[in-house]
Every structure is written in structure tokens, then in C-alpha cells.
Amino acid sequence: MAYLPYGDDIETTEAGEQESIDGIIKGMTQESQTVETRDGHAVRASHAKSTACVIGKMVVAADLPPELAQGLFVNPGTFDVAVRFAQGPGEKLGDRVSTHRGMAIKVFGVDGAKLAGHDAPTQDFVFASGTTFPDGTAAGFAAQAKKIGMTVPMPEGVKSVAASIARDINKALNAVGVEPSPTLDFYGHPFSHPLVETYFSQCPIRYGDHVAKLGAFPVAAKQRALSEWQLDPHQDEDGFRHAAIEYFDGNDAVFELRTELWADAETLPIEDTSVDWPTRVSEYRTIATIRLPRQAAYGSDRVRYFDEVMTFRPAHALEAHRPLGGVMRAHAGLPCTQRFPTP
């Protein structure tokens, strides 16, 4: 298959984009300030409630073909990683408000030219459940941030009902053979185990000479055996966390890191992340394995560091993995995409 090359001209800035980015910053800052005033403690502007904070290794596959042996993945090797699994909202809600999930990966010991403003020897990959970011442009992102900001002061019970309605509609759509709505899934995700989820970059990044989206696919047998697991949120409001702790107490988790290379500018758009990149055009191919061994997944000192000190940003990257598209430009423009007010 012929893959399209990366070029400095593949992005198209939308009219009024900076105003949209300014609106996102304002909306997310207000959201975080509301949460801090209410709860007495500042949290991340997204993915505030951690589920598991773990460490492990990423092994880059040997003998990758040239189109896959790019950037961080140009040579086989092993890297230390820190991985934070979390719930989506920028506030700590009970798990009955089950929304989209996050998996953030920080790779250590990374050499090479970094993006401006990032001088640490690290590379971050920020993933979420679902292959698309529902509001696929900076303007859409701004509108979404405003809506979410308006819901923050609402009682948690109202948010739980809204998530339940979104979840039930998607169940009904699936039952009649209609593709579930990514937007509804964003607000009302199934009560599935966090370690059986597949996580995606949702937005494109530069992939050396090419462009790609990435995904982390669970492959360990013990993870796949959790496909029917469902949380009863009425029994445990922190059930996702407790399930992850229990899993890591006795089992390794293994994810294959896979890349979907950009192969068609029409069906695989750069700027609109609400459009799924169909795998019939370009399939996901394995580039590395992330192994997270059994461990104490929620030790107090580690969680404090992961939650209060460590940040994960798409812009913490090699030049070879620069985030692309309007939504990623908005992320890069934020003081910090996952923690306010400190960059």
C-alpha cells in the first residue's frame, strides 16, 4: 500500500481558530476553578480521577518495515514507561457517571529533537476510549468545553442520569444494527473493565516521514477474559479503580501499540477528528508492546506523584511525532491539557 508523506503543508488552520483556542482555555480554566472552589482541591482539567498508576516497559518491535520504523520506533529497543488510566471528566465523580476513559503513556529515555518547550528525554502519548474525538475541530472543541463547563455545577445525580440516557440510546442503536454514536459514548460509556478497553490517539500525529493515528490494544489472555465484566455502580462508586487494583495484584497487563498510517486525504482527514479513519483503507499495525507487570497499582506516594506532579501532553513529543490538526493545536495551546493552573 502507498502511504501519504508528511509535509508542512498538510494542515489547514480554520478561520477564527485562535479565538476558539482562547475560548477553550477560558472554559476549561473556569471549569477547574469551579471544581477547586467546590471541592477545596485543584484537579486536572480532564481525566481527573485516576483508576491505576502503573509502570512498565515498552518494547519496540524488531524488523519493522521502513514505513513503520519511524521516529521513536526507528530502532528496536526497550523503554521505561509510566501509564495512568483515568476516567474522562475534569472532576472526581462516582463511577455511576461512567464516561469516556483515558490511558496516558510517558516514555522515558527518549533521544532526538523535541518540540519547542519540551526539553525532557520523554515522549507522551495521550489516548482515550473511542477512535474519534466527537467535536472534530477547534471550534467544536470550544463548544464542547463550554457545554461541559455549564454542567460542572450540576448535582452528580443529574450527571449520572444523563450518562445513563446516553448509554441506553447507544445500546438501542447497537441492538438494531446501527453504529453507536461516539458523542453519546463520550458522555455515557459502558460499565466495562478499564483494562479490557482499547485506547486511541483519536487525533493524528506526525509519524516521521508519514502521518498516523495510534492505538493501544489489550492482548493478554487475562485481560481478554474480562470482556463480559460489568461494574455495578450501586455497589461501588470507585469500582473501576478497585477492579484495576485487583487485576494488577495478580496479573500482568499487555497492550500492543499499533499505528494506522495516513493513506488517503479524503477518507482519512487531518483536520476533522470526528471522522473515523476506516481500517479498510489503512489497518492498524503493531509497532511495540507495552508490558505492565503485576504491582501495587494505587500506592499512595505513586498516585500523589502521578496525579499532582506528573503531566501528560501530546506536545511533550519528538519533532517526529508532532501532534497534527486543529484539536491537537488546541491541546498544544493550552497551559496544560490535563492539569490547571500549573503548566
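In every chain, residue numbers begin from 1 and rise along the written sequence. Totals for whole chains, interfaces and linings use all residues, but because this is a predicted model, local features are given only for residues with pLDDT of at least 70 and pairs of side-chain atoms are given and counted only at 80 or more. Processing note: side-chain calculations cover all non-hydrogen atoms of the structure and skip hydrogens and water entirely.

Visitor: Before we move on, can you summarise the nonpolar core with the specific residues and values?
Guide: We define the nonpolar core as a collection of buried residues of types Ala, Val, Leu, Ile, Met, Phe, Trp, Tyr and Cys that are connected through side-chain atoms lying within 4.5 Å of one another. Exposure is judged per residue with a 1.4 Å probe applied to protein chains only, and the accessible area is read against the type maximum: over 50% gives exposed, under 20% gives buried, and values in between give partly exposed. M58, F73, F85, F248, F255 and L292 are the most contacted members of the largest nonpolar core, which totals 66 residues. Throughout, a contact is declared for two residues whenever any of their heavy atoms are within 4.5 Å. If sequence neighbours within four positions are ignored, L292 has contacts with V54, I55, G56, V81, V83, F85, F248, D252, A253 and F255. C53, A82, V303 and F306 belong to the second-largest nonpolar core, a separate cluster that totals seven residues.

Visitor: Any chance you could break down the packing of aromatic side chains for me, citing the residues and the numbers?
Guide: Any pair of Phe, Tyr and Trp rings, taking the six-membered ring for Trp, is counted once the centres come within 6.5 Å. Such a pair is stacked with planes under 30 degrees apart, edge-to-face with planes over 60 apart, and tilted for the rest. Counted under the stated rule, the structure contains 14 aromatic pairs. Each ring, one from W229 and one from F240, has its centre 6.5 Å from the other, and the planes form 50°; the classification is tilted. Of this pair, W229 sits in the loop between α5 (221-224) and α6 (239-250) while F240 sits in helix α6; the two residues are 11 residues apart in sequence, bridging distant segments of the chain. In this structure an aromatic cluster arises from ring pairing among F73, F125, F127 and Y207. Here the guanidinium or amino end of R101 rests over the ring plane of F240, the centre of that ring lying 4.2 Å away. The secondary structure listing takes helices from DSSP runs of H or I that are at least 4 residues long and strands from runs of E that are at least 2 residues long, numbered from the N terminus. Charges are assigned to positions over rings by a cutoff of 6 Å between ring centre and Lys NZ or Arg CZ, combined with an angular limit of 35 degrees from the ring normal.

Visitor: Go over the environment of P121, please, and point to the residues and values.
Guide: Considering the arrangement of structural elements, one finds P121 in the loop between β3 (101-108) and β4 (122-129). For P121, a relative accessible area of 46% translates into the label partly exposed. As a C-alpha pair, P121 and V196 span 75 residues in sequence and 30 Å in three-dimensional space. Apart from residues lying up to four places away in sequence, P121 is in contact with V107, F108, G109, V110 and K114.

Visitor: How would you sum up unusual backbone geometry? Please name residues and give values.
Guide: The backbone of D63 shows a phi angle near 60°, a positive value even though the residue is not glycine. Tracing the backbone through its elements, the reader meets D63 in the loop between β1 (50-60) and β2 (77-87). Of the residues examined, D63 reaches a relative accessible area of 78% and is grouped as exposed. With a phi close to 65°, Q202 is a non-glycine residue in the positive phi region. With respect to the helices and strands, Q202 occurs in the loop between β5 (199-200) and β6 (205-207). Judged by relative accessible area, Q202 falls into the buried class, the value being 8%.

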